[in-house]
Amino acid sequence: MTDPQAFFERLSEDRYAPTEHTRGPWDAASQHAGPPAALLGRALEERPGARTDMRLARVTYEILRPVPIRPLTVAASVVRSGRSVEVTEATLTPEGADAPVMLARALRVRTTEEPGPSVAEGPLVPSPEDTGPTPFFGVPWDIGYHTAMETRFAEGSWLDQGPGTCWMRMRVPLIAGEDTRPLDRVLVAADSGNGMSNVLDFSRHLFINPDLTVHLHRHPVGEWVCVEARTSVDEAGIGLADARLHDEKGPIGRGAQSLFVGPR
């Protein structure tokens, strides 16, 4: 196991070793989807030849199977490039696998040279300073995503059923020895919406999200990202976790997760 002072250690330009901090709460051998989502987001922004006048506005992830805690190869490419918009893709393939376990497709939009009017909808949520630390639900291992993230609930908790509003802050960087970026902070946190707004008993029901879509009109400022999440479930076992995303200055975008809900 690599040095657990970050989520990942860079092995080469396109290979990364996950640390114990990526471990999710349900399977000791699998990662929480937040860290690999952020790793793919970094690849989409950093690919060779990436335009510096564009910013990620939307990214959709397909989580094809659990992401194992073993070295990963990231590949990114351009699908379509235009004057003001481009579409890019990235894949995440574990060592020894013959196919990716996670895909990402992003829309990057050209930023304007002259500042324009700024308009954002949605009320402010209580600041992280106005809320107290909230521990995760019981996890059967000492180190993982649950210890790498600081969480403070303004509404609900990990154990309460119903809507949840939670501030999240990374305790470790995404990649060892590299600066944490605004996009990293959002993508590490956004996949937690379904967990913080669960509407059924965790001990009796599964909540599996095979995808995640994040829309951003602004990248966050500061270390904290707030996920204000609501979950809806149909009797057929299909659900949706819908979240407003904030920083301490106000709304920055939205996140959505399709859900498979079933008995354990």
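Computed from a predicted model, the values in this text were never measured in an experiment.

1. Regarding the packing of aromatic side chains
Item 1. With the rule as written, the count across this model stands at three aromatic pairs.
Item 2. Note on Phe136 and Tyr145: the rings are 6.3 Å apart at their centroids and 90 degrees apart in plane angle, and the pair reads as edge-to-face.
Item 3. Judged by relative accessible area, which is 17%, Phe136 ranks as buried.
Item 4. Ring plane angle 85 degrees and centroid distance 5.3 Å describe the contact between Phe153 and Trp158, whose orientation is recorded as edge-to-face.
Item 5. Accessibility expressed as a relative area gives 8% for Phe153, which makes it buried.
Item 6. Since its relative accessible area comes to 3%, Trp158 is described here as buried.

2. Remarks on helix α1 (residues 34-46)
Item 1. Helix length check: α1 (13 residues) gives 18 Å between terminal C-alpha atoms against 18 Å at 1.5 Å per residue, within 8%.
Item 2. Of all 13 residues that make up α1, 11 are buried, and the element is covered over most of its length.
Item 3. The set of residues buried in α1 consists of Gly34, Pro35, Pro36, Ala37, Ala38, Leu39, Leu40, Gly41, Arg42, Ala43 and Leu44.

3. Points about the environment of His146
Item 1. Considering the arrangement of structural elements, one finds His146 in helix α2 (residues 145-148).
Item 2. Exposure remark for His146: the relative accessible area of 14% places this residue in the buried category.
Item 3. The sequence separation of His146 and Trp167 amounts to 21 residues, and the corresponding C-alpha distance is 14 Å.
Item 4. When near neighbours in sequence (up to four residues on either side) are disregarded, His146 contacts Phe136, Val139 and Trp141.
Item 5. Within polar-contact distance, the side chain of His146 engages the backbone oxygen of Trp141 at 3.0 Å.

4. Section: the side chain of Asp247
Item 1. Residue position: Asp247 is located in strand β12 (residues 238-247).
Item 2. A distance of 2.8 Å separates the side chain of Asp247 from the backbone nitrogen of Val221, its partner in a polar contact.
Item 3. Residues in contact with Asp247, not counting those within four places in the same chain, are Trp167, Arg218, His219, Pro220, Val221, Trp224 and Ile252.

5. Topic: the pairing of strand β3 (residues 54-63)
Item 1. The buried count for β3 comes to seven of 10 residues, which makes it a mostly enclosed element.
Item 2. Strand direction decides the pairing type here: β3 and strand β6 (residues 102-110), joined by nine bridges, are antiparallel. Counted as the bridge partner of Thr60 is Arg105 from β6.
Item 3. Inspection of the sheet shows β3 paired to strand β10 (residues 211-216) by five bridges, in the antiparallel sense. Looking at β10, one finds that Thr60 is bridged to Thr213.

6. Focus on the pattern of salt bridges
Item 1. Counting across every chain of the model gives 21 salt bridges.
Item 2. A salt bridge links Glu46 to Arg42; the shortest N-O distance between them is 3.6 Å. Taken together, the positions of Glu46 and Arg42, both in helix α1 and four residues apart, correspond to about one turn of that helix.
Item 3. Since its relative accessible area comes to 32%, Glu46 is described here as partly exposed.
Item 4. When the shortest N-O distance is used, the salt bridge between Asp242 and Arg254 registers 2.7 Å. In this pair, Asp242 sits in strand β12 while Arg254 sits in strand β13 (residues 250-263), placing the two residues 12 residues apart along the sequence.
Item 5. Overall, the relative accessible area of 26% leaves Asp242 in the partly exposed class.
Item 6. Given the relative accessible area of 36%, Arg254 is considered partly exposed.
Item 7. One salt-bridge network, held together by shared partners, links Arg10, Arg42, Glu46, Glu178, Arg181 and Asp184.

The rules behind the values
Residues numbered from 1 in each chain as written. Predicted model: local features only at pLDDT ≥ 70, side-chain atom pairs only at ≥ 80, totals over all residues. Heavy atoms only, no water. Phe/Tyr/Trp six-rings, centres within 6.5 Å; stacked < 30°, edge-to-face > 60°. Buried < 20%, exposed > 50% of the residue type's maximum accessible area, 1.4 Å probe, protein only. Helix = DSSP H or I, 4+ residues; strand = E, 2+ residues; numbered from the N terminus. Expected span 1.5 Å × (residues − 1). Contact = heavy atoms within 4.5 Å. Polar contact = N/O pair within 3.5 Å; in protein donor to acceptor, adjacent residues only side chain to side chain. Pairing = 2+ DSSP bridges. Salt bridge = Lys/Arg side-chain N within 4 Å of Asp/Glu carboxyl O.

That is the geometry; function is a separate question.
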